[in-house]
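What follows is each chain in one-letter form.
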Amino acid sequence: MGRKKHSHYGAKIKEIMRKSNPWLQAENLPSYLPFFVNANIIDQLRNNGNHLVCGRRGSGKTHLLGALKETINNDTLSNQLAIQISCVGIAGTPQNFIDESIPFSTAKYTRIVFTNFLRKFTYELFPVVEEYVELKIKNRYSKSEYKRIKSQYEEELLKLLTIVENGYSQPVKGKLTEMTQETSEVRKRGSADVEVGLRPNKGILLGGVSFGKDKISAEKKIILNEIESKMVIDLPQYRTQLKKIIELLKTDILFLLIDEWIELDKNLNLDIQPYFAQLLKTVFFNSKNIAVKIATIWYYTNLYDRNVLEKSKGLELGEDIYLGIDLDIEFLDSETKVVDFFKRILFKRFCYVMPELKELEINGSISDFFIEELFDDNANFELLVSASHGIPRDFLELFLKCAGGIDFNFEESAITKKSIRDMAQKIYLLEKRNRLDKSSDSQKCWEHINSYMNNTQHRFFMIKNEEEKRSIHLRKLSDEEIIHPIHSSLSPRDIRNKYKMYIIDYGNYIDWYKSKKFPLDSIKQESIFPVFPADFEEKFKDYIITFEEILTNKIRCPFCGEFIPLDNIVYKVHKICFNCAGKIPD
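Of the regular secondary structure elements, the chain holds 18 helices and 20 strands. Taken over 586 residues, the chain has a buried fraction of 47%. As displayed, the chain has an accessible area near 28,900 Å², and 49% of this comes from carbon and sulfur atoms.

What follows is about the pattern of salt bridges. As a working rule, side chains carrying opposite charge can pair if their charged atoms are close by. Considering all chains together, one arrives at 28 salt bridges under this definition. A salt bridge links Glu 156 to Lys 159; the nearest nitrogen and oxygen atoms lie 3.5 Å apart. Taken together, the positions of Glu 156 and Lys 159, both in helix α5 (residues 143-166) and three residues apart, correspond to about one turn of that helix. You can call Lys 159 partly exposed: its relative accessible area is 35%.

The backbone of Phe 408 shows a phi angle near 60°, a positive value even though the residue is not glycine. Phe 408 gets classed as buried once you look at its relative accessible area, which sits at 16%.

A separate point is the packing of aromatic side chains. Applying the stated criterion to the full structure yields 30 aromatic pairs. A centroid spacing of 5.2 Å and a plane angle of 75° characterise the contact between Phe 114 and Phe 276, whose relative ring orientation is edge-to-face. Pair noted here: Phe 114 is in helix α4 (residues 102-137) and Phe 276 is in helix α7 (residues 273-284), with a separation of 162 residues, a long-range link. By relative accessible area, Phe 114 is classed as buried at 2%. Relative to Tyr 513, the ring of Trp 512 lies with its centre 5.8 Å away and its plane at 70°, an arrangement referred to as edge-to-face.

A word on the packing of helix α13 (residues 441-456) against helix α17 (residues 506-515). The geometry of α13 relative to α17 is characterised by a closest axis approach of 11 Å and an angle of 50° between their N-to-C directions. Of the possible angle classes, the one that applies to α13 and α17 is oblique. The handedness of the crossing between α13 and α17 comes out as right-handed. Across from Trp 446, Asn 450, Met 453 and Asn 454 in α13, the residues of α17 making contact are Asn 508, Tyr 509 and Trp 512. By residue class, the composition of the contact of α13 with α17 is four nonpolar, three polar and no charged.

It is worth spelling out the sheet that holds strand β17 (residues 483-486) at this point. Spatial strand order, β16-β18-β17: three strands in an open sheet with antiparallel pairing. A strand with exactly one partner marks an edge of an open sheet, and here the two such strands are β16 (460-464) and β17. Averaged over all pairs of adjacent strands, the angle between strand axes in this sheet comes to 35°, irrespective of strand direction. Here β17 pairs with strand β18 (residues 499-504) via four bridges, running antiparallel.

Calculation notes
Going along each chain's sequence as written, the residues are numbered from 1 onward. Totals for whole chains, interfaces and linings use every residue, but because this is a predicted model, local features are given only for residues with pLDDT of at least 70 and side-chain atom pairs only at 80 or more, for both listing and counting. No hydrogens and no water enter the side-chain calculation; it runs on all heavy atoms of the structure. What counts as a helix is a DSSP run of H or I of at least four residues, what counts as a strand is a run of E of at least two, and both are numbered from the N terminus. Categorising residues by exposure relies on relative accessible area from a 1.4 Å probe, with only protein chains included: less than 20% of the type maximum marks a residue as buried, more than 50% marks it as exposed, and the intermediate range marks it as partly exposed. Accessibility throughout is a Shrake-Rupley quantity obtained with a 1.4 Å probe, and a residue counts as covered only by protein chains that appear here. Within this document, salt bridges are pairs made up of a side-chain nitrogen of Lys or Arg and a carboxyl oxygen of Asp or Glu, the two lying within 4 Å of each other. Aromatic contacts are taken between Phe, Tyr and Trp rings whose centres are within 6.5 Å, Trp giving its six-membered ring; a plane angle under 30 degrees counts as stacked, one over 60 as edge-to-face, and the others as tilted. Between N-to-C directions, angles cover 0 to 180 degrees, with each direction set by a line fitted to C-alpha atoms, over the stretch in contact for helices. Angle categories are assigned with fixed cut-offs, so that under 35 degrees is roughly parallel, over 145 is roughly antiparallel, 65 to 115 is roughly perpendicular, and the rest are oblique. Crossings are assigned a handedness: left-handed for a near helix turned anticlockwise from the far helix by less than a right angle, right-handed for a clockwise turn. Whether two residues touch is decided by their heavy atoms; if any such pair falls within 4.5 Å, the residues are in contact. Put simply, Ala, Val, Leu, Ile, Met, Phe, Trp, Tyr, Cys and Pro go in the nonpolar bin, Asp, Glu, Lys and Arg in the charged bin, and everything else, Gly too, in the polar bin. Pairing between strands requires that DSSP locate at least two bridges from one strand to the other.

Here is the structure:
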């Protein structure tokens, strides 16, 4: 992979890349703003409106919220402060609900999760307020007045913490269980398990698993205890106290930036998002001094629920909250704009560790010489953008692995089309396809898609909107980046109203192309934008896939959309869904 053009920075790039952290994920960046591209979208969110920030995994949602937070908190001239909270981990271990209805279990568990969220927010508030006072308030008052204000806000913050930690005791109506875990030792002797030192505990023993033979091993046991009362937080009281702190600090806007929204119920059989959103609304919404920005993946988001009695829970889109930024289409105006966006992402990463490269940016324009240093020409770089499907995290990962493939030796080599294709295929073969359970329905859907590609030689396909919405298996394939959704704005108008379009992962496509021994130079579908044939609208039915036909001997739950095997013991005996416990009608 010898270079065609002489390298000026190759030796330094090799030295830097062998030593420096690549900072692929936003969570690992030393800070957000130095690496952020397109500050205009920060300005779009910096107001007291409540907004959703949507985008696929790796599209930059965390980075955007982090950059917004730093912009606000570093601005010494503004009376604004921002707190960023991730929903990862706040749900804790999913609880088991025995003899409880789905609505009761959902409401109960949501309250637990929201309590964890408020605690996390409260503890995050302390250092942010401290920094806010030091940077934005201290110099505006005399020393004595500043001490008085500091003492006052510290006292009010402690009151807020007391509300969260103490709460009040509320009697429990009906049966309520609480789950705890115990660990005991088990000594395996032949076929018998001997328990050693098991702490006595009243409650229902759900079971335990021991490992090893003729040796001591650890055993976890889950205990369910019935409780008569629980501690709850007075949400109106919490809201009143928070507003008092905001007024005391003379804060114009408190920004609550919520990241990883879909983690709330990712591992649950309950849909708690609307219930959680309702509690969030109770505490933080309908205030000119509080702005909530939620980062989420659109296809997994359910903020609002209206039941048959027209009673609603949650946040209604267009009323309580608005779509602020959609990162999947933000940069899709043109091929040129997309390529320039990714050039700037890469340029900012390199300038952080090689400040001398900044001389390649003149009047806001980055010289093509930067791309030539790494790729020899723009065509190779554009293929890398396309192969990453426009996902910044995937783009950086693919770049790093391609660079490693040439031992970071940009002085003598460059990243070529061949290296990009080979690495995309390798990532697909070794990583993406292995994320699927070989016996799962998602695997069957994946095999069905590959048969479609083999029979039609098409890389993109369509599925009816109603089937796409209820197909958790299709979402799994998209979540694992084996297929990629095509935004509706890029599909023909008459198609988008009835069908959802997907494109097959580039690595899978290259693997299939090579298996057929087709010449790689004949590949047509290597653009970040879908390329539709001239007769597409006439023959669009040739691009439709249905998955119902391969999920045989199953019935779909009308409540959660899960496909239930007809021989499933829970369904056969009780006629209920094993996933959501909904009663399946005959």
